[in-house]
Amino acid sequence: MNGKIEYGFGKEYLSNWTLKEALREVLQNYIDYGEYNISTKEIVDNPDIIKVRISNNYIPEKLEFLIIGNTDKGSNSNAIGHHGEGLKVAFLIFLREGLSFKILSKDLIITPNWSRDELVGETLRIQYADTNIPNDKFITILECPRDIYEEFISDIITEFDVLHNSHYGDVVDKPKGNIYSGNLFVCNIAKLSNAYNIKPCNLPLDRDRSVPSDRDIEYYTSNINQSDNQSKEISVTTKELEGKDYAYTDKLPDNIVNQFNRRKVGSKNVYI
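This one's a predicted model, so the numbers in the text were calculated from it and none came from an experiment. (Residues numbered from 1 in each chain as written. Predicted model: local features only at pLDDT ≥ 70, side-chain atom pairs only at ≥ 80, totals over all residues. Heavy atoms only, no water.)

Novice: So what about the overall build of the chain? Which residues, and what values?
Specialist: Helix and strand counts for the chain stand at five helices and 14 strands. Taking all contacts inside the chain whose residues are at least 6 apart in sequence as the whole, residues at least 24 apart take part in 62%. Summed over its atoms, the accessible surface of the chain is roughly 14,600 Å², and 47% of this surface lies on carbon and sulfur atoms. (Helix = DSSP H or I, 4+ residues; strand = E, 2+ residues; numbered from the N terminus. Contact = heavy atoms within 4.5 Å. Areas by Shrake-Rupley, 256 points an atom, 1.4 Å probe, with all protein chains shown as cover.)

Novice: So what's going on with the pattern of salt bridges? Residues and values would help.
Specialist: One pass over the full model with this rule turns up 11 salt bridges. A salt bridge links R125 to E6, with the nearest nitrogen and oxygen atoms 2.9 Å apart. Taken together, the positions of R125 in strand β6 (residues 121-130) and E6 in strand β1 (residues 2-10) put the pair 119 residues apart, joining distant regions of the chain. On the basis of relative accessibility, which here comes to 17%, the residue R125 falls in the buried class. Given a relative accessible area of 40%, E6 falls into the partly exposed group. Its salt-bridge partner being E61, residue K106 comes within 3.3 Å of it at the nearest N-O pair. Taken together, the residues span a long stretch of sequence, with K106 in the loop between β4 (101-105) and β5 (108-117) and E61 in the loop between β3 (49-56) and α2 (86-96) at a distance of 45 residues. On the accessibility criterion, K106 (31% relative accessible area) is partly exposed. Judged by its relative accessible area of 65%, E61 is exposed. Linked through salt bridges whose partners overlap, the residues forming this network are K11, R116 and E122. (Salt bridge = Lys/Arg side-chain N within 4 Å of Asp/Glu carboxyl O. Buried < 20%, exposed > 50% of the residue type's maximum accessible area, 1.4 Å probe, protein only.)

Novice: Can you explain the packing of aromatic side chains? Please cite residues and give values.
Specialist: Summed over the entire model, instances satisfying the criterion amount to 14 aromatic pairs. Grouping aromatic residues by their ring pairs yields a cluster made of Y30, Y33, Y36, Y58, F65 and F138. For R24, the ring lying beneath its charged end belongs to W17, and the centroid distance is 5.3 Å. Here the guanidinium or amino end of R215 rests over the ring plane of Y219, the centre of that ring lying 4.4 Å away. (Phe/Tyr/Trp six-rings, centres within 6.5 Å; stacked < 30°, edge-to-face > 60°. Lys NZ or Arg CZ within 6 Å of the ring centre and 35° of its normal.)

Novice: Let's hear about the sheet that holds β1: which residues, and what values?
Specialist: Pairing within the open sheet is antiparallel, and its seven strands lie in the order β1-β6-β5-β4-β7-β3-β2. At either margin of the open sheet sits one strand with a lone partner, and together these are β1 and β2 (37-42). Taken pair by pair, the neighbouring strands of this sheet meet at an average axis angle of 25°, ignoring direction. In terms of strand pairing, β3 meets strand β7 (residues 138-145) through eight bridges, oriented antiparallel. Note on β7: the bridge partner recorded for V52 is L142. Where helix α1 (residues 19-32) meets the sheet, it contacts β2, β3, β4 and β7, and its direction lies at approximately 160° from that of β7. (Pairing = 2+ DSSP bridges. Axes fitted to C-alpha atoms, helices over the stretch in contact; angles between N-to-C directions.)

Novice: Before we move on, could you go through the environment of V171 and cite the residues and values that matter?
Specialist: By secondary structure assignment, the location of V171 is in strand β9 (residues 169-172). Relative accessible area serves as the criterion here: at 0%, V171 is assigned to the buried category. Through-space distance from the C-alpha of V171 to that of T221 is 8.3 Å; in sequence the pair is 50 residues apart.

Remember, this is a structural readout, not a statement about activity or role.
Written as structure tokens, this is what we have:
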């Protein structure tokens, strides 16, 4: 089986996207389908570039995931990606950067290339071809500058980063103000006392992962902070309690309240 898909994406499509955005789109697809494995390998004659292999057990029956707008994540409310375009743009960006990028699925190899037309110019083409080697994994193999990959992968949320979990998401051990969705970095918001990993179902994002609304950030971070499910100690100051992430908080967990001295002022308890 051999074939190709012509996309009509020019070389400069989403010119503001970098390899970090491409890596995010690739990895989010694996995160959305559960467990996955990542391994890296040095390229002997180019130590600044590493080869990355990502795999899981999800095997699509057909290649419909290569159609723009097609995604089978609709029933998964906590899926990060829903737009069906990100993986195709990742093909484009790696090709634009002159870096190897391929997917192995069943007995097929899927690779990007340029389609050249005298009148239209260069546009993205994705080709698929038989390998005649059966494969029971969905595998992405890509090359990436070492520094870019290491910075990207170090900022992914793991279970060791979680300080406090709730129905809405987690407080995580990352720089204050960092917002993550589905374990992947989204943006940094000022006037937050912690960093948060908000569940994708609670933080709708567009394709470009633009900055979420203040109301969403304030509401969901406040609800995260109301939960008592803290696996590690979280310290906050009275000043930080004035931040956006406590705007909708009705009740603080006991281990935060106990950090302060209580004083009676009239009929109210004041914490200092």
